[in-house]
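Each chain, letter by letter, is given below.
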Amino acid sequence: MTGMIPHLRAFARSLCNDVHEADDLAQETLIKAWKARDRYEPGTNMKAWMFMILRNHFYSERRKAWRKNESGSDHLEEIAPIDAGQDAVMELADLKHALASLPDEQREALILVGAGGFAYEEAAEICGCAVGTIKSRVNRARAALTGLMERKADAGVNLESALTAADDIIAEVHALAGTRH
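Quick caveat, the model's predicted, so the values are computed rather than measured. Every chain begins its residue count from 1, and numbering advances along the sequence as written. The predicted origin of the model limits local features to residues at a pLDDT of at least 70 and limits the giving and counting of side-chain atom pairs to 80 or more, whereas totals for whole chains, interfaces and linings rest on all residues. To get the side-chain values, all heavy atoms of the structure are used, and hydrogens and water are removed first.

Engineer: Account for the pattern of salt bridges, with residues named and values stated.
Structural biologist: Each salt bridge in this description consists of a side-chain nitrogen of Lys or Arg and a carboxyl oxygen of Asp or Glu lying within 4 Å of one another. With the rule as written, the count across this model stands at five salt bridges. The salt bridge involving Arg13 is made with Asp23; its shortest N-O contact spans 3.6 Å. Taken together, the residues span a long stretch of sequence, with Arg13 in helix H1 (residues 5-16) and Asp23 in helix H2 (residues 19-35) at a distance of ten residues. Burial classes follow relative accessibility: with a 1.4 Å probe on protein chains only, a residue under 20% of its type's maximum area counts as buried, one over 50% as exposed, and anything between as partly exposed. For Asp23, a relative accessible area of 24% puts it in the partly exposed group. Its salt-bridge partner being Asp104, residue Arg107 comes within 2.8 Å of it at the nearest N-O pair. Of the two residues, Arg107 and Asp104 both sit in helix H5 (residues 104-115), three residues apart, roughly one turn of that helix. Judged by its relative accessible area of 28%, Asp104 is partly exposed. Because the salt bridges share partners, they merge into one network encompassing Arg9, Arg13 and Asp23. In this description a helix means any DSSP run of H or I spanning at least four residues, a strand means any run of E spanning at least two, and both kinds are numbered starting from the N terminus.

Here it is in structure tokens:
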């Protein structure tokens, strides 16, 4: 289980967009997995099993929070300002914002398949849906991201740099999953 920590943290960060919340989510996942260890079937994919626990807990917490506060606040006041002279940082922020604007199901499918390296079948198992549904979500997410970033390009943002930022995000997820312990 401890070998899964970097992967859990990376996936949690892609869902939460908040480092502290993601770390709490990963920790809670480990606790839940430990308590349910007798339900794990040896020989099956432990990473997928733990990602499913993480995902289910994430959505459960989101539903609870939504019920508590139905105001729909986007917490725009919490977004840190970006230094004006750093184009790459701005482009990366635009891409992160574009990712965050995707529906949860599309964002998680794209992160699992695109950045997490899961096969469509594994992602479908984690999300509890059909393989075709995952393929469709990934396709729609990629199309939506492309459209969002093209609109940014039309507004004067360098699309090539933004796509490089996308590669950087994916590399960051892989680095988090491979080097953090």
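Here the narrative resumes, following the displayed structure.
Engineer: Which residues make up the nonpolar core, and what values do they have?
Structural biologist: Within the largest apolar cluster, 38 residues are counted, with the highest numbers of intra-cluster contacts made by Leu112 and Ile134. Only H1, H2, helix H3 (46-68), helix H4 (87-101), H5, helix H6 (120-127) and helix H7 (131-154) provide two or more residues apiece to this core. Among the elements that make up this core, the one with the highest residue count is H3 (eight residues). In contact with Leu112, not counting residues within four places along its chain, are Phe11, Phe51, Gly117, Phe118, Ala123, Ile126 and Cys127. By nonpolar core we mean a set of buried residues, namely Ala, Val, Leu, Ile, Met, Phe, Trp, Tyr and Cys, connected to one another through side-chain atoms within 4.5 Å. Here a residue-residue contact requires only that any non-hydrogen atoms of the pair lie within 4.5 Å.

Engineer: Would you mind going over the packing of aromatic side chains in detail, with residue names and values included?
Structural biologist: Working definition: rings of Phe, Tyr and Trp (its six-membered ring) pair if their centres are within 6.5 Å, and the pair is stacked with planes under 30 degrees apart, edge-to-face with planes over 60 apart, and tilted otherwise. Enumeration over the complete set of coordinates arrives at four aromatic pairs. Consider the rings of Tyr40 and Trp49, whose centres lie 5.2 Å apart with planes at 55°: the pair is tilted. With relative accessibility at 17%, the residue Tyr40 sits in the buried group. Look at Trp49 and you get buried, because its relative accessible area is 16%. Connected via pairs of aromatic rings, a cluster forms that spans Phe11, Phe51 and Phe118. Cation over ring: Arg37 sits above Trp34, and NZ or CZ is 3.9 Å from the ring centre. Geometrically, a charge over a ring is one whose NZ (Lys) or CZ (Arg) sits within 6 Å of the ring centre while staying within 35 degrees of the ring normal. Lying over the aromatic face of Phe118, Lys47 brings its terminal NZ or CZ to 4.7 Å of the ring centre.

Engineer: Any chance you could break down H1 for me, citing the residues and the numbers?
Structural biologist: Helix length check: H1 (twelve residues) gives 16 Å between terminal C-alpha atoms against 16 Å at 1.5 Å per residue, within 8%. Of all twelve residues that make up H1, ten are buried, and the element is covered over most of its length. Along H1, the positions that sit buried rather than exposed are Pro6, Leu8, Arg9, Ala10, Phe11, Ala12, Arg13, Ser14, Leu15 and Cys16. Positive phi appears at Asn17, one or two residues downstream of H1, with a value of about 60°. Here the expected length of a helix is defined as 1.5 Å per residue gap, with one fewer gap than residues.

Engineer: Which residues make up H2, and what are the values?
Structural biologist: The α-helix winds at 3.6 residues per turn, so residues separated by three or four positions along the chain end up facing the same way. With 17 residues, H2 extends 24 Å from end C-alpha to end C-alpha; this agrees with the ideal 24 Å at 1.5 Å per step. All of the buried residues in H2 are Ala22, Leu25, Ala26, Thr29 and Ala33. Across the axial projection of H2, the buried residues extend over an arc of 100°, all falling on one side. Exposed residues on H2 whose side chains face more than 90 degrees from its buried face are His20, Asp24, Trp34 and Lys35. Polar contact criterion, stated in full: a pair of N or O atoms within 3.5 Å, where within protein one must be able to donate a hydrogen and the other to accept it, and residues adjacent in sequence count only if both atoms are side-chain atoms. Near the N-terminus of H2, the side chain that reaches the backbone nitrogen of His20, with its oxygen 3.2 Å away, is that of Asp18. By arc we mean the arc of the directions from the helix axis to the C-beta atoms, nothing more.

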